[in-house]
Amino acid sequence: MMNNILLRHCHRHLQTRIRYSAGARISTKTTATTALTTTSTTTATTTFRSFSSNNDNNKPKKLSEDEIKASLRLLSYQGTPFPWAAVKDRSAISKTFHFTDFNQAWSFMSRIALLAEKMDHHPEWLNVYNRVEVTLTTHDCDGVSTKDVNMARAMETYASDLMPEGSKSNFTPTNSNTV
Ligand SMILES: C[C@H](O)[C@H](O)[C@H]1CNC2=NC(N)=NC(=O)C2=N1
C-alpha cells in the first residue's frame, strides 16, 4: 500500500518534471527562432522602407559620393574608434567588427549569412578569431547601393545584440585600406 502511494507520487513528480522540461525546451526553441526571424524580417523591412527605393527595373541604384557619405554618417555612431568607412580606390564601404571570441564572431556571420541569402546580397568578409572584416559593395551596379547600407545597418543591429554593453567601445583599428 505504502509502496503504491510512493510509486504514484513519483510518477506524478516525474510527469511534472517531464512537462516542465518539455515546456522549457519548446519555449527556448521558439524564442530563438522568433528572435532570429523577427530580427531579420524587421531589420530588412525597416531598412528597406527607410531608404529611397531602387530604380524602376529593380536593378540596384549606385549611390553618389554624397549619398554614401551621408549613409556612413548615419551608420557610424559617435565615439566609435573604427566606424564604417569608404574603401580606398573602389566604390565600397567597410568596417572591422571585434567580438569577444570566435564563437561570437561566428554567430554574427551565421546570422548575416541567413540575411544575405534572403536579400540575395552577399558580403565580402574575412574572419580571424574574434575579428570580422567586412566590405560591402553591389556587383549589379558596380558600386555602393542601398542594399549595402541596409546590410550594414543589419550588421550593426546583430553585432550590438551579440556584444555585451561596455565591450562595444573596445574597437582597435586594424584595417588601413579605408579613406
Ligand atoms: C544573380 C544574383 O542575383 C546576383 O549575383 C546577386 C548575388 N549576390 C550579390 N551580392 C553582392 N554583394 N552584390 C550583388 O550584386 C549580388 N548579386
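Structure: see above.
Heads up: these notes are all about the structure in this document.

Cut-offs and rules
- Residues numbered from 1 in each chain as written.
- Predicted model: local features only at pLDDT ≥ 70, side-chain atom pairs only at ≥ 80, totals over all residues.
- Heavy atoms only, no water.
- Helix = DSSP H or I, 4+ residues; strand = E, 2+ residues; numbered from the N terminus.
- Buried < 20%, exposed > 50% of the residue type's maximum accessible area, 1.4 Å probe, protein only.
- Contact = heavy atoms within 4.5 Å.
- Areas by Shrake-Rupley, 256 points an atom, 1.4 Å probe, with all protein chains shown as cover.
- Core = buried A, V, L, I, M, F, W, Y, C linked by side-chain atoms within 4.5 Å.
- Phe/Tyr/Trp six-rings, centres within 6.5 Å; stacked < 30°, edge-to-face > 60°.
- Lys NZ or Arg CZ within 6 Å of the ring centre and 35° of its normal.

A separate point is the overall build of the chain. Counting its regular elements, the chain contains four helices and four strands. Order of helices (α) and strands (β) in the chain, N terminus to C terminus: α-α-β-β-α-β-β-α. The 179 residues of the chain split such that 36% are buried. Long-range contacts, defined here as pairs at least 24 residues apart, represent 70% of the contacts in the chain between residues at least 6 apart. Put simply, the chain shows about 11,300 Å² of open surface, and 56% of that area lies on carbon and sulfur atoms.

What follows concerns the nonpolar core. In this structure, Trp84, Ile93, Phe97, Phe99, Phe108, Leu136 and Met155 are the most contacted members of the largest nonpolar core, which totals 27 residues. Sorting the residues of this core by element identifies α2 (65-75), β2 (93-98), α3 (102-119), β4 (131-136) and α4 (146-162) as the ones contributing at least two each.

A few words now on the packing of aromatic side chains. Under the defined criterion, the tally for this structure stands at five aromatic pairs. Ring geometry for Trp84 versus Phe97: centroids 6.0 Å apart, planes at 75°, classification edge-to-face. Here the residue Trp84 occupies a position in the loop between α2 and β1 (85-86), and Phe97 occupies one in strand β2, the gap between them amounting to 13 residues. With centroids separated by 6.2 Å and ring planes inclined at 15°, the aromatic side chains of Phe97 and Phe99 adopt a geometry described as stacked. The same class applies to Phe97 as to Phe99, namely buried. An aromatic cluster of at least three residues, connected via ring pairs, comprises Trp84, Phe97, Phe99 and Phe108. Above the face of the Tyr158 ring, Arg111 is positioned so that its terminal group lies 5.2 Å from the ring centre.

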